[in-house]
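# Survey of secondary and tertiary structure
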Amino acid sequence: MNGDMRPNILIFMTDQEQAQVCEPGHPCRTPHADRLAAEGIQFRQAYTPSAHCCPSRATFMTGLYPSRHGVWNNVLNSSAFHTGINPGIPMFSEVLRAAGYELAYAGKWHVSGVEHPRDRGWNQYFSTCLPGDFHGVRWADWQRTMRQFDRKTPRRRGELIQPGIRRYPLYGTRSPDPQCDPFDPGDLRKVQAGIHALRDLAAQEKPWCLFVGIDAPHDPFILPAHYARMYDPADVDLPPNFHDDLSDKPCVYQRMRRFWDQLGEDETREAIAHYWGACTMADDLLGMILDALDQTGQAENTLVIFLADHGEAAGAHGLFMKGFAAFEECYRVPCIMRWQRGILQPGRVVDEFITLADFAPTLVELAGAAAQPASGRSLLPFLHGEQPANWPGEVCSQFNGIELYFSQRFVRTRDWMYVYNGSDTDELYNLRSDPQCLHNLANDDRCAEVIQDLCTRMWHKAQAENDCILYTLSVSPPYGP
């Protein structure tokens, strides 16, 4: 039992879950997230600085934007800019351990290709995406695939063909596994390890922090039958911006759209139905962890944080996955916090902009430790029902590409979003009149003052973060006066 009055901390992170699925009225069912929101606070404007696993997770762990922690893309393949965090950068886990917390890690890591969770203060129960893993296609894999690649076989339902490379099934139904049904075996194992860790933590005297990270609802959406059949594609409405042909947007968006157009409308509905099934499966796994926490008797003084590393397009603008497209389906993430002993007026919704960089400062302050350098700020005032002074009125991104490189930054306010694409067409959207981002106004002379204001905000943030984007401006300046 924790005899220290400081709260325990339970973090449950999903992978590639868009914020929309956890909002009231959405067809996707997330009863456990709904329960957390009713008992805590839901942050409706939570953003990742980069719609990619590794930089977003590194930001969560360090409180720093990519330009400061050094992780820009996938650390587990040969296209990585850096395979690990910059030297001398602490993670909140190290600060918590030094402050007397006991820590445990179960699930997806994908923060560093040279360090394990145990190197950063965690007791490692079961983890994936660790140093030594490889994400990507090796030439030996490609040669093996080519020997099996039948160019004459028609494309199967739900399958995408990458010419000369592979066939990629976006969604489908898993073979039954009686030992794991109705869950995905890998994610069930992560959660079971997390429950084991939770019981160990609850039995000792120190305050504790547990991280549980699952892969769901990351693509491919190949699910056990229970979840694969949960949503009827006939009941799925296409996203309101699905028919955007992207002709006024960057060419790389158009290229992605042509790839996903292989699916057609019916298959897109099927893919979305499977994605929702994956989100509900993730929510049921969250429920398992919450039930285990209740059984320890320590729920009252445990801060529970539920969030995702980044979102998923899920058919928005005709796209799937994440990456180059700077749309909110990919960047806005679900974020709910519950702390029965510490949150005033539970059931509230906070609409201020927050980012994954705000969590490390929050947890460090909770632990009573000295503040560390951070790109974000502590969220504790929101938990206490207070409005922090001078809270940012905008959110900015830092994206240098995925396995393919592409310099992109955006700044988003309540009314506008401006996107700087270093080697392609810039974007400007009036979010009040065009919330679906259908009409790019970047070349509309009537918007020159708006662009000037947004660019100024964006470059002030870039300066504060010592962003390497500065060196591209002389070659590819942003649009505007």
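Residues numbered from 1 in each chain as written. Predicted model: local features only at pLDDT ≥ 70, side-chain atom pairs only at ≥ 80, totals over all residues. Heavy atoms only, no water.

With that out of the way, let us pick up the overall build of the chain. Secondary structure summary: the chain contains 13 helices and 19 strands in total. Radius of gyration (C-alpha) of the chain: 22 Å, near the 23 Å computed for a compact globule of 481 residues. Projected onto its principal axes, the C-alpha coordinates of the chain cover approximately 60 × 55 × 45 Å. Taking all 481 residues of the chain together, 60% fall into the buried category. When the accessible surface of the chain is summed, it comes to about 19,200 Å², and 51% of that surface belongs to carbon and sulfur atoms. In the chain, 44 positive and 60 negative side-chain charges are present, and the distance between their average locations comes to 5 Å. (Helix = DSSP H or I, 4+ residues; strand = E, 2+ residues; numbered from the N terminus. Rg over C-alpha atoms; globule rule 2.2 N^0.38 Å. Buried < 20%, exposed > 50% of the residue type's maximum accessible area, 1.4 Å probe, protein only. Areas by Shrake-Rupley, 256 points an atom, 1.4 Å probe, with all protein chains shown as cover. Lys, Arg positive; Asp, Glu negative; His and termini not counted. Charge placed at Lys NZ, Arg CZ, Asp CG, Glu CD.)

The end-to-end C-alpha distance of helix H13 (residues 448-464), which contains 17 residues, comes to 24 Å, matching closely the 24 Å that a straight helix rising 1.5 Å per residue would cover. By the burial criterion, the buried members of H13 are Ile 451, Leu 454, Cys 455, Met 458, Trp 459 and Ala 462. Each buried residue of H13 sits inside an arc of 130 degrees when the element is viewed along its axis, so together they form one side. Projecting away from the buried face of H13 at angles above 90 degrees are the exposed residues Glu 449, His 460, Gln 463 and Ala 464. On its buried face, H13 is in contact with strand S15 (395-396), strand S17 (405-412), strand S18 (416-421) and strand S19 (427-430). (Expected span 1.5 Å × (residues − 1). Arc of directions from axis to C-beta. Contact = heavy atoms within 4.5 Å.)

Our focus in this paragraph is the side chain of Thr 59. Along the chain, Thr 59 falls in helix H2 (residues 53-62). When its relative accessible area of 0% is taken as the criterion, Thr 59 is described as buried. Apart from the residues lying within four places of it in its own chain, the contact partners of Thr 59 are Pro 49, Leu 64, Tyr 65, Pro 66, His 69, Leu 356 and Ala 357.

Burial along S19 is two-sided: Glu 427 and Tyr 429 facing one way and Leu 428 and Asn 430 facing the other are all buried. Examined bridge by bridge, S18 and S19 share 4 bridges and lie antiparallel to one another. Counted as the bridge partner of Trp 416 is Asn 430 from S19. What sits between the antiparallel neighbours S18 and S19 is a turn of 5 residues. (Pairing = 2+ DSSP bridges.)

Before going further, it helps to examine unusual backbone geometry. Cis geometry marks the peptide bond from Ala 216 to Pro 217; its omega dihedral reads 0 degrees. Note that Pro 217 resides in the loop between strand S9 (208-213) and strand S10 (221-223). A cis geometry characterises the amide bond from Asp 219 onward to Pro 220, with omega recorded as -5 degrees. Residue position: Pro 220 is located in the loop between S9 and S10. The backbone phi angle of Gln 16 is positive, close to 75 degrees, even though this residue is not glycine. If you trace the backbone, Gln 16 turns up in the loop between strand S1 (8-14) and helix H1 (31-39). The residue Cys 129 is not glycine, and still its phi comes out positive at about 60 degrees. Note on placement: Cys 129 falls in the loop between strand S5 (123-128) and helix H5 (139-148).

Our focus in this paragraph is the packing of aromatic side chains. For the structure on display, the rule yields 24 aromatic pairs. On the numbers, 5.8 Å between centres and 90 degrees between planes, the contact of Phe 60 with Phe 92 is edge-to-face. In this pair, Phe 60 is assigned in helix H2 and Phe 92 in helix H4 (residues 92-98), connecting sequence segments 32 residues apart. Neither residue differs from the other here; Phe 60 and Phe 92 are each classed as buried. Among the aromatic residues, ring-to-ring pairing joins Phe 60, Phe 92, Tyr 105, Trp 109, Trp 122, Phe 211 and Phe 359 into one connected group. Between the NZ or CZ atom of Arg 138 and the centre of the ring of Phe 134, over which it lies, the distance is 3.7 Å. Positioned over the ring face of Tyr 65 is Lys 461, at 4.6 Å from the centre of the ring. (Phe/Tyr/Trp six-rings, centres within 6.5 Å; stacked < 30°, edge-to-face > 60°. Lys NZ or Arg CZ within 6 Å of the ring centre and 35° of its normal.)

Turning to its location among the elements, Thr 413 is positioned in the loop between S17 and S18. Thr 413 gets classed as buried once you look at its relative accessible area, which sits at 9%. At 3.3 Å, the side chain of Thr 413 and the backbone nitrogen of Asp 415 are in polar contact. (Polar contact = N/O pair within 3.5 Å; in protein donor to acceptor, adjacent residues only side chain to side chain.)

With that out of the way, let us pick up helix H8 (residues 251-260). For H8, the set of buried residues is Val 252, Tyr 253, Met 256, Arg 257 and Trp 260. The buried residues of H8 occupy an angular sector of 145 degrees when projected down its axis, which confines them to one face. Turned more than 90 degrees off the buried face of H8, the exposed positions are Arg 255 and Arg 258. Those residues of H8 that are buried are in contact with strand S6 (159-162), helix H9 (264-296), S17, S18 and S19.

Going through the model one piece at a time under the given rule, you end up with 31 salt bridges. Residue Asp 261 is joined to Arg 257 by a salt bridge in which the shortest nitrogen-to-oxygen separation is 2.9 Å. Given the relative accessible area of 41%, Asp 261 is considered partly exposed. Classification of Arg 257 as buried rests on a relative accessible area of 10%. The salt bridge involving Arg 457 is made with Glu 394; its shortest N-O contact spans 2.6 Å. Here the residue Arg 457 occupies a position in helix H13, and Glu 394 occupies one in the loop between helix H12 (380-383) and S15, the gap between them amounting to 63 residues. (Salt bridge = Lys/Arg side-chain N within 4 Å of Asp/Glu carboxyl O.)

Counted residue by residue, strand S4 (residues 102-108) has 7 buried out of 7 residues, so it is predominantly covered. Alignment of S4 against S5, held across 5 bridges, turns out to be parallel. Each bridged residue has a counterpart across the sheet, and for Tyr 105 the counterpart in S5 is Gln 124.

Turning to the sheet that holds S4, a few remarks are in order. Paired through their backbone hydrogen bonds, the strands of a sheet run either parallel or antiparallel. Pairing in this open sheet of 8 strands is mixed, and the strands run S5-S4-S9-S1-S11-S12-S2-S13 from one edge to the other. Either end of the sheet is taken by a strand with one partner, and the two such strands are S5 and strand S13 (348-350). Across this sheet, the average inter-strand angle for adjacent strands is 10 degrees, counted without regard to direction. H2 rests against S1, S4, S9 and strand S11 (302-308) of the sheet, and its axis sits at about 170 degrees to S1. (Axes fitted to C-alpha atoms, helices over the stretch in contact; angles between N-to-C directions.)

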